[in-house]
Amino acid sequence: AAAGEGPKVFAVTRVHSLLGRSLAEAFLRAGYRVAGFDTERHLGLLPEIARLAELGGDSFMGVPCDMSDEQSIHEAVESVRNSWAAIDVLAVNVGASAPAASLEQATPEQWSKVMDVGARGAFLFAREALPGMRERGRGQVFMFATSANPAWNNMALTPAFPMLLQQMVTYL
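What you see is a predicted model, and the numbers here were worked out from it, not measured in a lab.

Calculation notes
- Residues numbered from 1 in each chain as written.
- Predicted model: local features only at pLDDT ≥ 70, side-chain atom pairs only at ≥ 80, totals over all residues.
- Heavy atoms only, no water.
- Patch = residues over 30% accessible without salt bridge, like charges linked within 9 Å, V, L, I, M, F, W, Y side chains within 5 Å.
- Areas by Shrake-Rupley, 256 points an atom, 1.4 Å probe, with all protein chains shown as cover.
- Salt bridge = Lys/Arg side-chain N within 4 Å of Asp/Glu carboxyl O.
- Helix = DSSP H or I, 4+ residues; strand = E, 2+ residues; numbered from the N terminus.
- Buried < 20%, exposed > 50% of the residue type's maximum accessible area, 1.4 Å probe, protein only.
- Pairing = 2+ DSSP bridges.
- Axes fitted to C-alpha atoms, helices over the stretch in contact; angles between N-to-C directions.
- Core = buried A, V, L, I, M, F, W, Y, C linked by side-chain atoms within 4.5 Å.
- Contact = heavy atoms within 4.5 Å.
- Phe/Tyr/Trp six-rings, centres within 6.5 Å; stacked < 30°, edge-to-face > 60°.

Asks: Would you mind going over a nonpolar patch on the surface with me for this structure?
Replies: On the surface, a nonpolar cluster with roughly 230 Å² of combined accessible area is contributed by Leu130, Val141 and Met143. Counting through the fold element by element, Met143 comes out in strand S5 (residues 140-145).

Asks: Even after reading the chapter, I still don't get the pattern of salt bridges, so can you show me in this structure?
Replies: Side-chain pairs of opposite charge can arise whenever the charged atoms involved come near each other. According to the stated counting rule, one finds 8 salt bridges in the structure shown. Measuring nitrogen to oxygen at the nearest pair gives 4.0 Å for the salt bridge that ties Glu48 to Arg51. Here Glu48 and its partner Arg51 are both found in helix H3 (residues 47-56), 3 residues apart, which amounts to about one turn of the helix. Residue Glu48 is classed as partly exposed on the basis of its relative accessible area, which comes to 23%. Note that Arg81 and Glu128 form a salt bridge whose closest N and O atoms lie 3.8 Å from each other. Residue Arg81 is found in helix H4 (residues 70-83), and its partner Glu128 is found in helix H5 (residues 108-136); the two are separated by 47 residues along the sequence. Classification of Arg81 as partly exposed rests on a relative accessible area of 26%. Residues participating in the shared-partner salt-bridge network are Glu70, Arg120 and Arg127.

Asks: Got a minute to help me understand the sheet that holds strand S3 (residues 60-64) in this structure?
Replies: Working definition: the strands of a sheet are paired by backbone hydrogen bonds and lie parallel or antiparallel to each other. Taken in spatial order, the 5 strands of this open sheet run S3-S2-S1-S4-S5, and their pairing is parallel. Of all the strands in the sheet, the pair left with one neighbour each is S3 and S5. The average undirected angle you get between the axes of adjacent strands in this sheet is 15°. Inspection of the sheet shows strand S1 (residues 9-13) paired to strand S2 (residues 33-38) by 5 bridges, in the parallel sense.

Asks: Would you mind showing me how to read the nonpolar core here?
Replies: Nonpolar side chains in soluble globular proteins tend to be buried together. Formed by 23 residues in total, the largest nonpolar core has its most connected members in Phe37, Val63, Val80, Ile87, Leu90 and Phe125. Secondary-structure elements contributing two or more residues to this core are S1, S2, S3, H4, strand S4 (89-94) and H5. In terms of residues, this core owes the most to one element, H5, which gives 6 residues. In contact with Leu90, not counting residues within four places along its chain, are Ala11, Phe125, Ala126, Ala129, Met133, Gln140, Val141 and Phe142. Counting 17 residues, the second-largest nonpolar core is a separate cluster that includes Val15, Val34, Val89 and Ala91.

Asks: Can you walk me through the packing of aromatic side chains in this structure?
Replies: Both the distance between ring centres and the angle between the ring planes are used here to describe each pair of aromatic rings. Scanning all chains against the criterion turns up 3 aromatic pairs. Between Phe10 and Phe27, the ring centres sit 3.9 Å apart and the planes meet at 0°, which makes this aromatic pair stacked. In this pair, Phe10 is assigned in strand S1 and Phe27 in helix H1 (residues 18-29), connecting sequence segments 17 residues apart. With respect to burial, Phe10 and Phe27 carry one shared label: buried. A centroid spacing of 4.9 Å and a plane angle of 80° characterise the contact between Phe27 and Tyr32, whose relative ring orientation is edge-to-face. This pair shows no difference in class: Phe27 is buried, exactly as Tyr32 is.

Quick look at the structure:
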């Protein structure tokens, strides 16, 4: 951080997920303030979120948010701005539980929910964070797409994932 500024602010969506928690922890350990966006249910019930709060102390903020709702996303990003500052690094970790049924059996309504959280939510978060980045002439947005399918959700367990985290933190 430049003279007179506090620590940089890293924000991650779906902080309850394995990828979200891994990113939050890596950036906390690197000295960033971390805002973890997620549903109230996930923020309040998961022991992993409590561990992040314990690790980060005043440098971790769990921010309730409905990833499919424009007003909720606006209010969540605004709460980070009001508490700390504009977001320096945003990791949009998008994903929603796909219908349990096969694609052929899924309804258009089920698919719309997946797209509202994924594609639309990613767009809305980036749109909210970018003005502060532009004003300061710096900032990064990373977008990750993950799956609720346990067979696909092992990214943090692969040998390359810790290296990716280290490179992100070092680069920024």
